[in-house]
Amino acid sequence: LQVIDFTASWCPPCQAIKPIFEGLANQNADVNFLKVDLSEGTNDLATEYSVTAMPTFIFLVGGKEVHRIRGANPAALKSTVAQYAKPASSGAFSGQGQTLSGKGGSSLSETTYNVSNSVTAAWSNTNPQAKVLIALCAAYVFFWLI
């Protein structure tokens, strides 16, 4: 999820909702919160999204607009972030951990590891530009070794 805030320094409603937007950004690490300052006038991004009022919040999932809020509406902003935000992952590893002392816990043969699913999930959530870079690096290494 990406949330774009079209704002301006001279806009009182924009300044009023600014702490709420920043608080949501701090609480939702898995969501990309972006600000576009239109204090100096319009820009290409504002034109692309047809922004006609400030503040305007645009919600993107997979690069597609899924919701738009015009005006400083804290309740709508909070509920829309909660609606579209994915729950934060618990980390890179899933499954049971191991104790090093050998006392308690489960043995290695009883532990279920779910590494392939976490790698698949990490790959599917990777930026497409990063995927291209990784593929180019892999091709370079492959041809260098041949």
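Quick summary incoming for the structure in this document. (Residues numbered from 1 in each chain as written. Predicted model: local features only at pLDDT ≥ 70, side-chain atom pairs only at ≥ 80, totals over all residues. Heavy atoms only, no water.)

Before going further, it helps to examine helix α3 (residues 74-84). When we look at burial in α3, the residues that qualify are L77, T80 and V81. On an axial view of α3, the arc spanned by its buried residues comes to 100 degrees, and they lie on one face. Counted as exposed and oriented over 90 degrees from the buried face of α3: A75, A82 and Q83. (Buried < 20%, exposed > 50% of the residue type's maximum accessible area, 1.4 Å probe, protein only. Helix = DSSP H or I, 4+ residues; strand = E, 2+ residues; numbered from the N terminus. Arc of directions from axis to C-beta.)

We now examine the sheet that holds strand β1 (residues 2-7). Within the open sheet, the four strands sit side by side as β2-β1-β3-β4. Their pairing is mixed. The strands lining the two open edges of the sheet, one partner per strand, are β2 (32-37) and β4 (64-70). Ignoring which end each strand starts from, the neighbouring axes of this sheet average 20 degrees apart. Relative to β4, strand β3 (residues 56-61) runs antiparallel, the two being bridged by six bridges. What sits directly across from L60, in β4, is E65. Across the sheet, α3 lies against β1, β2, β3 and β4, angled at about 165 degrees from β4, the strand it touches most. (Pairing = 2+ DSSP bridges. Axes fitted to C-alpha atoms, helices over the stretch in contact; angles between N-to-C directions. Contact = heavy atoms within 4.5 Å.)

Consecutive side chains along a regular strand alternate between the two faces of the sheet. Burial runs high along β1: five of the six residues are buried. Sheet topology places β1 next to β2; six bridges connect them, and they run parallel. Counted as the bridge partner of Q2 is N32 from β2. Handedness of the crossover joining β1 and β2 through helix α1 (residues 12-27): right-handed. (Right-handed = clockwise from strand over helix to strand, strands pointing away.)

Let us now look at the environment of I69. Within the element layout of this structure, I69 appears in strand β4. Note: C-alpha distance between I69 and M54 (15 residues apart in sequence) is 9.7 Å. Sequence-distant contacts of I69, defined by excluding residues within four places in its chain, comprise P55, T56, F57, F59, A76, L77 and T80.

In this section: the nonpolar core. Ranked by size, the top nonpolar core spans twelve residues in total: V3, I17, F21, L24, V31, F33, F57, F59, I69, L77, V81 and A85. Listed by contribution, the elements that provide at least two residues to this core are α1, β3 and α3. (Core = buried A, V, L, I, M, F, W, Y, C linked by side-chain atoms within 4.5 Å.)

Let us now look at the packing of aromatic side chains. The full count for this structure, using the stated rule, is three aromatic pairs. Consider the rings of F6 and Y49, whose centres lie 6.5 Å apart with planes at 55 degrees: the pair is tilted. Here Y49 lies in the loop between α2 (44-48) and β3 and F6 lies in strand β1, a separation of 43 residues in the sequence. The same class applies to F6 as to Y49, namely buried. Arranged with centres 5.3 Å apart and planes meeting at 80 degrees, the rings of F21 and F33 form a pair that is edge-to-face. Here the residue F21 occupies a position in helix α1, and F33 occupies one in strand β2, the gap between them amounting to twelve residues. Among the residues examined, F21 registers a relative accessible area of 3% and is labelled buried. Ring pairs connect the aromatic residues F21, F33 and F57, which therefore count as one cluster. (Phe/Tyr/Trp six-rings, centres within 6.5 Å; stacked < 30°, edge-to-face > 60°.)

Residue P55 is bonded to the preceding M54 through a cis peptide linkage, with omega at -5 degrees. Within the secondary structure, P55 sits in the loop between α2 and β3. One non-glycine residue with positive phi stands out, namely S50, at about 55 degrees. Considering the arrangement of structural elements, one finds S50 in the loop between α2 and β3.

Purely geometric stuff here, so don't read any function into it on its own.
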